[in-house]
Amino acid sequence: MLEIEIDGKKLTVPQGSTVMDAAHSVGTYIPHFCYHKKLSIAANCRMCLVEVEKAPKPLPACATPVTDGMKVHTHSDMAKKAQAGVMEFLLINHPLDCPICDQGGECQLQDLAVGYGNSASRYQEEKRVVVGKDMGPLVSAEEMSRCIHCTRCVRFTEEIGGFQEIGMANRSEFSEILPFLGKTVDSEISGNVIDLCPVGALTSKPFRYSTRAWELSRRKSVSPHDGLGANLIVQVKGNQVMRVLPLENEEINECWIADRDRFSYEGLNSAERLQKPMIKHDGKWHEADWQTALEYVVKGLNGVSRDHGKDAIGVLASPHSTTEELFLAQKLARSFGVNNVDYRLRRSDFRADAAQQGALWLGSSIVDLASAKSVLVVGSTQRQEQPLLASRLRQAVKKGSELNVIHVADDALLTKLNAKLIVSPLALVNALAQVLKAVVAIKSGESAIDLAAVSVSAEAQRIAESLCGAESASVVLGNVAQHHPAFSELLSLAQEIARLSGARFGVLAEAANSVGAELVGAVPTRGVFGAAVSAGLDAQQMIAAPRKAYVLLNSEVEFDSYNPQAAVAAMKSAETVIALTAFKAEGLLDYADVLLPIAPFSETAGSFVNMEGRLQTFNGVVRPLGEARPAWKVLRVLGNMLGISGFEYTSVEEVRAEWQGKGDIAPSLNNVLASVSANVQPAATALVRVGEVPLYQADAICRRASSLQATRAAAVPVAHAAQSVLDAAGVQSGAVVVLKQGDGQVRVALEADATLPAGVVRLATAHPTTIALGGMFDPIEIKQG
């Protein structure tokens, strides 16, 4: 520890601290532009010049290391004169367009100009003009004359985003911030440069010119998308969400949010929002009042249960629903005698259910995962599934962590990898078994899984050595592993690797409330906190053997299912399909019989449990649109109308108190299976599909955010395969082919991709152009178009 004195205050700081760090620790403000606590030190704005005793000239606080006994003056005559001089230089070329600037009212330059600038400029010459740049549909760079060259955006894309999409060209007054020529900014976390920009050079393109900062109300919320649970500030005007910003939480999202967290709010006011109950009659849709619609639902459910039995009803819920909604959905179903309840529509393998002892979760805190010295990520398209977690892992690698990957595609993770195994989905189990066998040999241990037929590759050996040699390690399964037809084997193998190597073992939650859905019993084999229940059918069984009636909670099965072709067919074969939804989607209008308008996360109170098992509550930030109602209220009224006791709630807090009163979250989180088993032989060679969910097709809100859908990541999917696959099919790269699964087929361009293993065709699922196809990792045929 070193002693330092700042403006007469004595304090001690760790060796290696800067003057800026020391000042922040005692609440002393030093003006700055280029400095940011999460970025490298640039020291190019010079606004943080301070006086240091015995130094011949002012020094930049952000780049000056503390020395023992140092005395600093931040408001001395020398410091103030230096800061005022820097401010004058910064304003020489800055345009005086504050009245029309989107940053007006929350501009760092405005604030510091008042405190450190002069009342009038001495500069009379013509100011420079910089031509605007096209950075894509999310970030506006139309007014780059405002740029003060702090380079925060440049450092963010390189250091946090992992790839330098923005750079600074030229020198002196000719310097310009710009993307690479002919390129846009396409990072999945690119919107953070808007927050980082201290002036109005980089602004939000969807928000641009819509309202003023001081007209907005700020309300806290939680992201409804991936399992990280990023904390948000939702800004509202006139009962409409206008903008979403990050709420700093170092343990979860730090000070960043992903682009889908930031821009998906556009979907909340989509033209497809369902504002009134609707009933289909004679093949045509008619608006109805709530009483009529609910009576129609009750009549339909009673009719199906009377004619076909309670087992003829299935409940399919989305894990993007709140914990309270999911709790009431399963309570309503089971109280009515229906045990077919599931949230895992994209899961294809449920064999591990019987051995599961608790809710699947990350296995550690997010911070602990990021600080592990060795991490093995199995079956995860990281940057699409968990953008902020992928960024955290990139930072971990910079600090010495070893990142290992077993996956079905060699994606650019924008970081150094210790080892990787890229295999066909048919060989994914065998690849993980190779690592287990190597771990068994290193630790001289034993596993209940028969590994005699497994041959260990060099990469698998490196992964095993990394896990066994690290003082802290983690093994995590991503979305691809969870959707894989052999998920139970992958779960068993990962558990054994973690047990023998001493690593933590976890599952990266797919959706905002995947963990919460398991805790409150929105699964067919377990009740709230794992309570015993009469087992029902899982999501796959409900679709493979269609029910006579379905209740859908926030679910659009054509986008949210493992096999959309089979899911839609099951819906169309049912006598009645009841959808509680915020949107009148084209698919729902085709196969549903009644649509009940429910509120999205922004219009209701509730809670999500993120991947680390953290319960985060939130309140609605605006009133429900039209006649939409919070889903928990709709479920409560349905319970009353069906004559079920225990549905007398008056607030969402009462619902939360009921499910929380049945147990505790922490003891209910358990990834360990009661027994492990796995067939580790590679499956017979076949051409299979790799069908991941695109970044901006993950949930109903994202799918309707127009700006996100205009990005490159949301472009119409193109199929990719190794050159050997194209040669076997007799097609050239770029040719239009017909891809066939079951009774469905689509015409797409097929391009060669050297990053893919042999025997696979990579084509996204959950997209309007591909929902005619079948299972995400099922066999697929190529026919010349």
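Residues numbered from 1 in each chain as written. Predicted model: local features only at pLDDT ≥ 70, side-chain atom pairs only at ≥ 80, totals over all residues. Heavy atoms only, no water.

- In the nomenclature of an unreviewed UniProt entry, the protein chain corresponds to NADH-quinone oxidoreductase from the organism Pseudogulbenkiania subflava DSM 22618.
- Per UniProt, the protein chain has the following entry under Function (unreviewed entry): "NDH-1 shuttles electrons from NADH, via FMN and iron-sulfur (Fe-S) centers, to quinones in the respiratory chain. Couples the redox reaction to proton translocation (for every two electrons transferred, four hydrogen ions are translocated across the cytoplasmic membrane), and thus conserves the redox energy in a proton gradient."
- The record in UniProt for the protein chain states the following under Catalytic activity (unreviewed entry): "a quinone + NADH + 5 H(+)(in) = a quinol + NAD(+) + 4 H(+)(out)". (UniProt positions renumbered as here; feature names shortened; annotations may be inferred.)

1. Side note on the UniProt feature "domain: 4Fe-4S His(Cys)3-ligated-type" (unreviewed entry) in the protein chain
And then number 1: Taking the UniProt record as the reference, the feature "domain: 4Fe-4S His(Cys)3-ligated-type" (unreviewed entry) is found at residues 78-117.
And then number 2: In residues 78-117, the share of helix is 60% and the share of strand is 0%. The end C-alpha atoms are 15 Å apart. (Helix = DSSP H or I, 4+ residues; strand = E, 2+ residues; numbered from the N terminus.)

2. With respect to the packing of helix H12 (residues 428-443) against helix H15 (residues 487-501)
And then number 1: Running from N to C, H12 and H15 cross one another at 20°; their axes reach a closest spacing of 9 Å. Classified by the angle between their axes, H12 and H15 sit roughly parallel to one another. Remark: the crossing between H12 and H15 carries left-handed chirality. Contact residues: Leu428, Val429, Leu432, Ala433, Val435, Leu436, Val439, Val440 and Lys443 in H12; Glu489, Leu490, Leu493, Ala494, Glu496, Ile497, Leu500 and Ser501 in H15.
And then number 2: Across the contact of H12 with H15, the residue classes tally to 13 nonpolar, one polar and three charged. (Axes fitted to C-alpha atoms, helices over the stretch in contact; angles between N-to-C directions. Parallel < 35°, antiparallel > 145°, perpendicular 65-115°, else oblique. Left-handed = near helix turned anticlockwise from the far one by under 90°. Contact = heavy atoms within 4.5 Å. Nonpolar A, V, L, I, M, F, W, Y, C, P; charged D, E, K, R; others polar.)

3. Digging into the sheet that holds strand E12 (residues 231-237)
Sheets are built from strands paired through backbone hydrogen bonds, the pairs being either parallel or antiparallel.
And then number 1: Reading across from one edge, E11-E12-E13 is the order of the three strands in this open sheet, with antiparallel pairing throughout. Looking at the sheet topology across the chains shown, the edges are occupied by strand E11 (217-222) and strand E13 (240-246). Strand-to-strand twist in this sheet, taken as the mean axis angle between neighbours without regard to direction, amounts to 35°.
And then number 2: Pairing of E12 with E13 involves six bridges; the strand directions are antiparallel. Within E13, the residue paired with isoleucine 233 across the bridge is leucine 245. (Pairing = 2+ DSSP bridges.)

4. A closer look at the packing of aromatic side chains
And then number 1: Taken as a whole and assessed by the stated rule, the structure comprises four aromatic pairs.
And then number 2: Ring geometry for phenylalanine 647 against tyrosine 649: centres 6.1 Å apart, planes inclined by 75°, an arrangement best described as edge-to-face. No difference in accessibility class separates phenylalanine 647 from tyrosine 649, as the two residues are buried.
And then number 3: Above the ring of phenylalanine 207, the side-chain terminus of arginine 243 is found at 4.4 Å from the ring centroid.
And then number 4: Residue placement shows arginine 704 over the ring face of phenylalanine 583; its charged tip is 4.4 Å from the ring centre. (Phe/Tyr/Trp six-rings, centres within 6.5 Å; stacked < 30°, edge-to-face > 60°. Buried < 20%, exposed > 50% of the residue type's maximum accessible area, 1.4 Å probe, protein only. Lys NZ or Arg CZ within 6 Å of the ring centre and 35° of its normal.)

5. Description of the nonpolar core
And then number 1: Counting residues in hydrophobic clusters, the biggest one holds 147 residues, and the most contacted among them are Phe33, Met47, Leu202, Val241, Leu580 and Leu596.
And then number 2: Two domains share this core, each providing at least three of its residues, namely domain 1 (2-148) and domain 2 (278-346 + 547-558 + 566-655).
And then number 3: Contacts of leucine 202, omitting those with residues within four sequence positions, involve Met135, Val139, Ser140, Ala141, Met144, Cys153, Val193, Ile194 and Cys197. (Core = buried A, V, L, I, M, F, W, Y, C linked by side-chain atoms within 4.5 Å. Domains from an automatic or database assignment.)

6. Details of the pattern of salt bridges
And then number 1: Overall, the coordinates contain 40 salt bridges when judged by the stated rule.
And then number 2: We note a salt bridge from arginine 351 to aspartate 349, for which the minimum N-O separation is 2.8 Å.
And then number 3: According to the relative accessible area criterion, aspartate 349 is buried, its value standing at 4%.
And then number 4: Taken together, the shared-partner salt bridges connect Glu272, Arg346, Glu510, Glu556, Asp560, Arg703 and Arg704 into one network. (Salt bridge = Lys/Arg side-chain N within 4 Å of Asp/Glu carboxyl O.)

7. Quick notes on unusual backbone geometry
Phi is mostly negative for residues that are not glycine, and the peptide bonds are mostly trans.
And then number 1: Backbone geometry places leucine 414, a non-glycine residue, at a positive phi of 60°.
And then number 2: Residue placement: leucine 414 occurs in the loop between strand E19 (402-407) and strand E20 (419-422).
And then number 3: Unusually for a residue other than glycine, phenylalanine 529 sits at a positive phi of about 55°.
And then number 4: Structurally, phenylalanine 529 can be placed in the loop between helix H16 (514-519) and helix H17 (539-544).

8. Considerations on the pairing of E12
And then number 1: E12 sits mainly inside the fold: six of its seven residues count as buried.
And then number 2: Here E11 pairs with E12 via six bridges, running antiparallel. Across the sheet, serine 221 pairs through a bridge with leucine 232, a residue of E12.
And then number 3: From the end of E12 to the start of E13, which pair antiparallel, there are two residues, and glycine 238 there has a positive phi angle of about 55°.

9. Side note on the layout of surface pockets
And then number 1: Each pocket or cavity is described by its volume, and for the largest pocket that value is around 1,300 Å³.
And then number 2: Lining the largest pocket we find 43 residues, and of these Arg383, Gln384, Asp411, Arg712 and Ala713 sit closest to its centre.
And then number 3: The leading source of residues in the lining of the largest pocket is helix H10 (residues 382-385), at three residues.
And then number 4: The class makeup of the residues in the lining of the largest pocket is 20 nonpolar, eleven polar and twelve charged.
And then number 5: Size it by volume and the second largest pocket reaches roughly 940 Å³.
And then number 6: Put simply, the parts of the chain that give the lining of the second largest pocket at least two residues each are helix H3 (108-116), helix H5 (192-196), strand E10 (203-204), E12, E13 and helix H6 (259-263). (1 Å grid on protein atoms, 1.4 Å probe; cavity = no way out; pocket = protein on both sides within 12 Å on 5 of 7 lines; lining within 4 Å. Points joined across faces, edges and corners; volume = space filled by probe spheres on them.)

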